[in-house]
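# Structural characterization, general
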There are 8 protein chains.
Amino acid sequence: MNSEIKALLEQVQAGTVSVEDAMLRLKDQPYEDIGYAKVDLHRQVRQGAAEVIYGAGKTAQQIAGILRSLEDNGQKNVLITRLDAEKAAQVNALTPITYYNDAHIAIAGTMAAPSGLGTIVVATGGTSDMPVAEEAALTAQFLGNEVIRLYDVGVAGLHRLLSHRQELMKASVVIAVAGMEGALATVIGGLVDCPVIAVPTSVGYGAAFGGLAALLSMLNSCASGTAVVNIDNGFGAGFMASRINHMEAKK
Amino acid sequence: MNSEIKALLEQVQAGTVSVEDAMLRLKDQPYEDIGYAKVDLHRQVRQGAAEVIYGAGKTAQQIAGILRSLEDNGQKNVLITRLDAEKAAQVNALTPITYYNDAHIAIAGTMAAPSGLGTIVVATGGTSDMPVAEEAALTAQFLGNEVIRLYDVGVAGLHRLLSHRQELMKASVVIAVAGMEGALATVIGGLVDCPVIAVPTSVGYGAAFGGLAALLSMLNSCASGTAVVNIDNGFGAGFMASRINHMEAKK
Amino acid sequence: MNSEIKALLEQVQAGTVSVEDAMLRLKDQPYEDIGYAKVDLHRQVRQGAAEVIYGAGKTAQQIAGILRSLEDNGQKNVLITRLDAEKAAQVNALTPITYYNDAHIAIAGTMAAPSGLGTIVVATGGTSDMPVAEEAALTAQFLGNEVIRLYDVGVAGLHRLLSHRQELMKASVVIAVAGMEGALATVIGGLVDCPVIAVPTSVGYGAAFGGLAALLSMLNSCASGTAVVNIDNGFGAGFMASRINHMEAKK
Amino acid sequence: MNSEIKALLEQVQAGTVSVEDAMLRLKDQPYEDIGYAKVDLHRQVRQGAAEVIYGAGKTAQQIAGILRSLEDNGQKNVLITRLDAEKAAQVNALTPITYYNDAHIAIAGTMAAPSGLGTIVVATGGTSDMPVAEEAALTAQFLGNEVIRLYDVGVAGLHRLLSHRQELMKASVVIAVAGMEGALATVIGGLVDCPVIAVPTSVGYGAAFGGLAALLSMLNSCASGTAVVNIDNGFGAGFMASRINHMEAKK
Amino acid sequence: MNSEIKALLEQVQAGTVSVEDAMLRLKDQPYEDIGYAKVDLHRQVRQGAAEVIYGAGKTAQQIAGILRSLEDNGQKNVLITRLDAEKAAQVNALTPITYYNDAHIAIAGTMAAPSGLGTIVVATGGTSDMPVAEEAALTAQFLGNEVIRLYDVGVAGLHRLLSHRQELMKASVVIAVAGMEGALATVIGGLVDCPVIAVPTSVGYGAAFGGLAALLSMLNSCASGTAVVNIDNGFGAGFMASRINHMEAKK
Amino acid sequence: MNSEIKALLEQVQAGTVSVEDAMLRLKDQPYEDIGYAKVDLHRQVRQGAAEVIYGAGKTAQQIAGILRSLEDNGQKNVLITRLDAEKAAQVNALTPITYYNDAHIAIAGTMAAPSGLGTIVVATGGTSDMPVAEEAALTAQFLGNEVIRLYDVGVAGLHRLLSHRQELMKASVVIAVAGMEGALATVIGGLVDCPVIAVPTSVGYGAAFGGLAALLSMLNSCASGTAVVNIDNGFGAGFMASRINHMEAKK
Amino acid sequence: MNSEIKALLEQVQAGTVSVEDAMLRLKDQPYEDIGYAKVDLHRQVRQGAAEVIYGAGKTAQQIAGILRSLEDNGQKNVLITRLDAEKAAQVNALTPITYYNDAHIAIAGTMAAPSGLGTIVVATGGTSDMPVAEEAALTAQFLGNEVIRLYDVGVAGLHRLLSHRQELMKASVVIAVAGMEGALATVIGGLVDCPVIAVPTSVGYGAAFGGLAALLSMLNSCASGTAVVNIDNGFGAGFMASRINHMEAKK
Amino acid sequence: MNSEIKALLEQVQAGTVSVEDAMLRLKDQPYEDIGYAKVDLHRQVRQGAAEVIYGAGKTAQQIAGILRSLEDNGQKNVLITRLDAEKAAQVNALTPITYYNDAHIAIAGTMAAPSGLGTIVVATGGTSDMPVAEEAALTAQFLGNEVIRLYDVGVAGLHRLLSHRQELMKASVVIAVAGMEGALATVIGGLVDCPVIAVPTSVGYGAAFGGLAALLSMLNSCASGTAVVNIDNGFGAGFMASRINHMEAKK
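Residues numbered from 1 in each chain as written. Chains lettered and ligands numbered in written order. Predicted model: local features only at pLDDT ≥ 70, side-chain atom pairs only at ≥ 80, totals over all residues. Heavy atoms only, no water.

### Looking at the overall build of chain A
Of the regular secondary structure elements, chain A holds 11 helices and 11 strands. Here chain A, with 251 residues, has 61% of them falling under the buried criterion. Long-range contacts, defined as pairs at least 24 residues apart, comprise 66% of the intrachain contacts of chain A with a sequence gap of at least 6. On chain A, roughly 8700 Å² of surface is accessible, and the fraction owed to carbon and sulfur atoms is 51%. (Helix = DSSP H or I, 4+ residues; strand = E, 2+ residues; numbered from the N terminus. Buried < 20%, exposed > 50% of the residue type's maximum accessible area, 1.4 Å probe, protein only. Contact = heavy atoms within 4.5 Å. Areas by Shrake-Rupley, 256 points an atom, 1.4 Å probe, with all protein chains shown as cover.)

In structure tokens, the structure reads:
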């Protein structure tokens, strides 16, 4: 397959295939079947992102295998999400990764240098929302974004949030992470003029119903310019924010 | 039954029954059965409130009948909730009432003069929450409270709410009325140091699910000092706020 | 208030106040209270958007009044959402608006000229999703975006969607509008490398539960780079897409 | 009871009872009561399927006892579902079975030789859906069907699915197994012209709500020719697919 | 496009393209865009079914337009579902259709002659389930199936159902239509040895929750060989049953 | 208090208080407060039942203490529900009880001799429903009822149920215990002419939602003469059935 | 069929068939198929109840037809439920019935004379629960029970309920009808020693969710001796109560 | 920051700042950022309450750190909720606290002397509700309230509740704690004339759905003067009750 890509790139070099055509063709490229998974080798080209492995439900051996397959095809920087500490240690014994304990995330290779339009602010309502927030923040950093963390700025103590008003207003994208009643997303949405990605968390008890209260609250936010991802989906929020922070003109 | 009460009061006057004993006995007093309803004649004594008629599902004739029965027993000031304009006109033709169109409330007799500890502030997130808010506000006024209305101060435009900070901070009780994501209750709860009664409304669409989103949001509010009533239950909020605003020392 | 802004701008002109400081101060500016609503006069400055009126639950007189208040303060271009045809005619009799029947949207003034980074594609699963899609499309156009409509490209006939692959891949932002099982968002999310805003609609019957099936499906999308707005919230999707399409570098 | 059947068959042989009459009478035949279960001895005749034991909640002793009872009545091939590895080992110590670890399924006796109209394709959205898919695939194999497995072909990477288009189009029945947003069933349903059995799985988190999102999505599929079984019910899907794959003309 | 198909068929005739290859290419064929809908012209080839129009939400003019477009491309037999009587009359004034009042279904052209493996039995729990059952029955008839109707055989009067045992046992496919507690599907599923398609209906009140009780009941059926379609989805059941009844060997 | 009761009984003996008056006064009698619980000493008189202790959430010491308090007041026969084996052994070390492992029930003293109008039949859909069924059966036996157990007679194998038709038809009350789709209650309800108490169980998986499917199914049963108790509430069903089986004429 | 029954009865008379055998055989008897319904002619024998017609969704002509079919077979007393006033008038023009407006119930023939063990008390929480309560009360009266109505005795005014304590304690069965929070069933359940049938109603608003709150409340009642029927199912409660009130010894 | 406050207080002393202005300014005061939490140093002034630490999800080290930070700023009395016994011991090893095992609450410093208007009564339906009730009771005591506990007074044994009528009627505020059907709040609400705070608990099983049944029941309470907090939120109830019990006149 590599030779296939090489051939295509040579055609581009030779001017017999335009860059745009080549891009379109690459977006259709296949994957490598390594038995327990179909490793997607050109996602970076096709979707503008490096490969990401969802670690939950995969063995350390499987994860290491996928990492090697990707590395053999030139994909050296890989993000592994939902990976617990024990399994991370097992993977690391097979192939080196850097593990981030708070976020349950590991990175093979290195984080991309910041290349976005501006800063992504990750804000949380309470300290319990931190694991989800860190998943979002590290995902965004891995994908080449500068990240500012504003943790424990819940709206019940509005002065804590308002004291960070300037950081919020200068943000390129804000990721609002909150459980319980999820009001943080609405209040931030009313303060800033950039896109807000709201992440409900399963933090809370009783009628929080595992994040449902925060999810519904955020979907009904009366502040415009807000969109929502799944409960506890820090990765999805970081990924979306990165896409937005890397927008560029398309003719 | 009236003579029964009279006898009791005469005993109190004569000093053979203490005031407290009389109060306790009155709290056990019965009601008048007028066929289609059991009119509760001593609720004012027993629960510290004038009689309230839930208008929905009763005919104009029935409402007028209850009003007359109450009046015959000395209960001249009566609040009628959930009464539409047409039925109100029919009742008015039988016995005089004052109708408040926004709140779907009517009052027989007069409103009580303000007698509470302070002011009750009724705040709403949007203009669509007004009918519920008016139900709360008029209930509180009827029960002898001074009421300040702060409508359309939703948190998506935080400056509108913050510009009324002083009124909020001086309130005795705040009733926070909001639909959609219901964040208003949490933000106000974080600003004030008085009890907050949160009223979710059925305003909104889609995942608002008829007020469920606001209800869950308010129940999970991260601000202490907040309690919640049923969706659209302006009357319940006004009644509860009035009770709190009329607290007095009990030895 | 206008003089206040004028004074500020004169200070900027004189160099005694920096542009950035002025921007920050303007973002804190108040609103005009016209009785039935608190008209937000500086939202365009504060949030980068022209004023939007939620038409449902307001009378034609109230809408016309708000339009005049905005116009007096220099806000000539206003979007009115959730406005039925009859009320639109009544508003038009008071102050001129342009009504879009499919989308239940009216516009006072003119649409902004396209100024975004690229094109926003609005795709729907079926013809019944069109009203929501039009709300999204017209909102985006009003806010200065070029919009391409791909309607009736549901995934049950995958060839219809795939035949529009090039338009999808060149989009700056895609708004995926679908009811029933809502799979459109996931399939598009797997094809493109730009942000996708998913809008569940209440189209469907039975276990569609008023859009709940599509909402849950979209929140759980296995495609990265997708975020979700409320059921039938075409306006919210168009607004969010416009923000993303107008991203620019912030230092 | 065996003699009863024998007598009936002799009557058939003698021509005094027609085959069809005998079939109808056999379908009414009883069962053996072995204390802890009523073993259904003629289900193969009555419902065209060998016996299946639901292993969850039964002890190894009970399962072995049922196996022996069935064997004594001539039922040698038995499928045991929802059986964990430890209990399987205990059963195997009492009476020989073959255990399939991925599917939590064991088989006493042998699998039936393929006898269906064509091939059953079992497709999954991700690797985490494999246990449910294997339950479906092994059930179908046990019941005499040829099975092709297409795992990890989720619609977020549409090219992976489309590269298997020919296998899908030639299938007799497709079993689509997917968690999260469950879009796989709809997309496959739009590609093929054979019956599709959709199996929602409990894979996912947050608003996946234990498979509810996938279930609702599949029930609302806009592709015709699809029907749904319970969440994680691989056995039910395999059984249904086998029935369909063994259809024959009835006059 | 027609010429395109013609060319292909000529190649088949000439032997330069095999029949199978031609089939595969035809399955990829496009559709006609008539403005308000993308008419799918080769669905019969691709999915083995004639065209079906979902009538709800389309005007009589649109439906007639689609019918004409289909007819121009040789598709003369069309099923129109969810069509109320008034709109049916309007369509009929433009282009002739046959309307079935009970089922809210219309047919352009003629029903296909029965060509399936056997008979499809449509059974209902009560008389109120008849509209959904008729939608299923007429869909199956339109697609070339012989249909037997067993209405009002709910399990609360088991003898009514059991008296039809022979018809049930001889069926090729059974469609079990029931609201309220939906037990019909389970009881039939235990009696027959053919595939059962269960259709929950929204018949019932209170805790029937619009068909949810029947839906959950059917999904949890303890009888094997049953699969479920959406609430009130008679069309889907008839379509699925027809596919099953037209199974044939694929090599 | 005992003396109080003694006095009353002496008055009855002397003829100065009628039996009926005594009964009414006894029904108002108080309880003994033993710190961690308010032991209800006259429930047998007041509600016609011996005392029952809900074992879950109480320590062995507390249960033994309550047993002693009851014994001191003449209540020797006590039923303890939801008691696990380990705690039962601890209680037994303090005061003798008989433990029933399947039902998680213990009995202090003896079971009452059968005294009801007839037999109570306890039927289950499957073997997994047995613990709940045993809780119902033992409760009924403890309260003086003859009980017949018909386990594993689920409706998917209707012949198993129908072979017990005579026992069912002769029952005084039937308790129908079933999880999954809960159809057993409806089918039995259609066969018998005595009251049926339906008990949904949490047996099942996926869309069984912890017993919700069976609960809704039973509430919507199309068979008259059926009422439902809480999920897994075998005790409640046995208690209710016993009350019905002990009905006698009241003038 | 009538002759069939006649023959059987003659055999009973002749002593060749025992009464019990005859009863059992009659319980298996069929029904008359009158096209739009299968009229169940021997339900009275089989289930101990006269015929009941569910009026909703049937035309006046159909109802009258069923009445005539029943009358021809000797069933003169028939209960028709869920019948609105207009349709009742139409039926009455065809065949005489007595209509009860409050309960939406009609009766053909006459009510049975009271024959039960004692009195059935029907209690409601409020006046709005009356239609459901009347459906229960009239059903019970039709089936031969003496009924006492205690309406508007909700637990918020406990003295109203307690003043009827004697009637409650002397009841044979109590039907507790309540919407909103449904506490009436629990409080009555704690007062009486007879079976209580709880009927949740859809009375209420907001978080009453159409009767769900009352339903859940009643299912979780901490009072033993209570069972629950579907929301608003007054008929079911009256039927069940009648069965219990007609219990007699079975050997 | 301390000096800042000192300066303000000196201005107050000097008469240059009024007491009210100082209060308002203090309410806006910031917090101390100690890395893992933003410690709110002036909440007592701003919200009239001492600091409260939510213990769940914080390490013993973090809790001790926050305690020291608060102590350094003069906040010596601190309530720690949701703290398990083991972690409490670890905190105690670092800085002295008093642990209350039943309520999972710890207190640093001392409880405030009772200073409220009257007594707060905490009532529970059963013994299993005690942990939540103790959380409420200790919170109220910590905040300076006299508390009376009425445990195990559930409404199924109404006489137990009614025997405490006098304590209830003399209460300043009642906190009604109940799981299962939650009827306690309504019954108490009908007896007393003071505010009632209802706390649903997750006690129960089956259709209790983790407290949902009690929550809905309480929200729909037909007794006026009741408001509800989140499931199991004893702290919130105690806090709200304390606020109400400390009401004083505001001019």
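### Side note on the sheet that holds strand E3 (residues 52-54) of chain G
All names here are of chain G. Strand order in this open sheet of 4 strands is E3-E4-E6-E5, and the pairing throughout is mixed. Because the sheet does not close on itself, it has two edges, and the strands there are E3 and strand E5 (98-100). Looking at each pair of strands side by side, their axes are set apart by 20° on average, direction ignored. In this structure, E5 lies alongside strand E6 (residues 105-108), joined through 3 bridges in antiparallel fashion. Each residue of the ladder has a partner; that of Tyr99, found in E6, is Ala106. (Pairing = 2+ DSSP bridges. Axes fitted to C-alpha atoms, helices over the stretch in contact; angles between N-to-C directions.)

### Topic: the interface of chain A and chain C
Contacts between chain A and chain C engage 46 residues on the former and 45 residues on the latter. On inspection of chain A and its partner chain C, the count reaches 9 residue pairs in polar contact (both at pLDDT 80 or more). Listed by contribution, the elements that provide at least two residues to the side of chain A that touches chain C are helix H2 (19-27), helix H3 (43-47), helix H8 (165-170), helix H9 (183-191), strand E10 (196-200), helix H10 (212-219), strand E11 (226-228) and helix H11 (234-245) of chain A. Tallying contributions element by element places H11 of chain A first for the side of chain A that touches chain C, with 6 residues. (Polar contact = N/O pair within 3.5 Å; in protein donor to acceptor, adjacent residues only side chain to side chain.)

### Overview of the sheet that holds strand E6 (residues 105-108) of chain A
All names here are of chain A. What the 4 strands build is an open sheet, ordered E3-E4-E6-E5; its pairing is mixed. Single-partner strands in this sheet number two, and they are strand E3 (52-54) and strand E5 (98-100). With strand direction ignored, the average angle separating the axes of adjacent strands in the sheet is 20°. As defined by bridge partners, strand E4 (residues 78-81) adjoins E6 across 3 bridges and the pair is classed as antiparallel.

### What to know about the environment of Leu143 of chain B
Within the secondary structure, Leu143 of chain B sits in the loop between helix H6 (130-142) and strand E8 (146-150). Put simply, Leu143 of chain B and Met111 of chain B are 32 residues apart on the chain and 6.9 Å apart in space, counted from C-alpha to C-alpha.

### Some details on the side chain of Thr95 of chain F
Along the chain, Thr95 of chain F turns up in the loop between helix H5 (85-94) and strand E5 (98-100). Not counting the four nearest positions on each side in its chain, Thr95 of chain F is found in contact with Ala64 and Leu67 of chain F.

### A few points about the relation of the copies chain A and chain C
The two copies are related by a screw operation: chain A maps onto chain C through 180° of rotation and 0.0 Å of translation along the axis, at an RMSD of 0.0 Å. Here the symmetry operator amounts to a two-fold rotation axis. Interface residue correspondence from chain A to chain C reaches 98%, placing this contact among same-surface, isologous pairings. (Least-squares fit on C-alpha atoms with pLDDT ≥ 70 in both.)

### Things to note about the domain arrangement of chain A
Accessible area lost on assembly of the parts is the figure often given for the size of an interface. Residue and element names in this part refer to chain A. Assigned domains of chain A: these are domain 1 (26-108) and domain 2 (119-245). Listed as interface residues are 14 residues of domain 1 and, on the opposing side, 13 residues of domain 2. For the domain 1 and domain 2 pair, buried surface summed over both sides reaches about 1100 Å², with 73% attributable to carbon and sulfur atoms. The tally of links from domain 1 across to domain 2 stands at 1 salt bridge. Put simply, domain 1 and domain 2 have 1 residue pair in polar contact (both at pLDDT 80 or more) between them. Looking at the side of domain 1 that touches domain 2, the elements with two or more residues in it are E4 and E6. Among the elements that make up the side of domain 1 that touches domain 2, the one with the highest residue count is E4 (3 residues). Its residues assigned to classes, the side of domain 1 that touches domain 2 shows 9 nonpolar, 3 polar and 2 charged. (Domains from an automatic or database assignment. Buried area = accessible area lost by both parts, 1.4 Å probe. Salt bridge = Lys/Arg side-chain N within 4 Å of Asp/Glu carboxyl O. Nonpolar A, V, L, I, M, F, W, Y, C, P; charged D, E, K, R; others polar.)

### Focus on the packing of aromatic side chains
Inspection of every chain in the model, using the stated rule, returns 8 aromatic pairs over all chains. Aromatic side chains Phe235 of chain A and Phe239 of chain A sit 5.7 Å apart centroid to centroid with 55° between the ring planes, which places their arrangement in the tilted category. Linking Phe235 of chain A with Phe239 of chain A, this pair stays in helix H11, spanning 4 residues, or about one helical turn. For the pair shown, Phe235 of chain A and Phe239 of chain A are each scored as buried. A cation over a ring is seen here: Arg82 of chain D above Tyr205 of chain F, with NZ or CZ 3.9 Å from the ring centre. (Phe/Tyr/Trp six-rings, centres within 6.5 Å; stacked < 30°, edge-to-face > 60°. Lys NZ or Arg CZ within 6 Å of the ring centre and 35° of its normal.)

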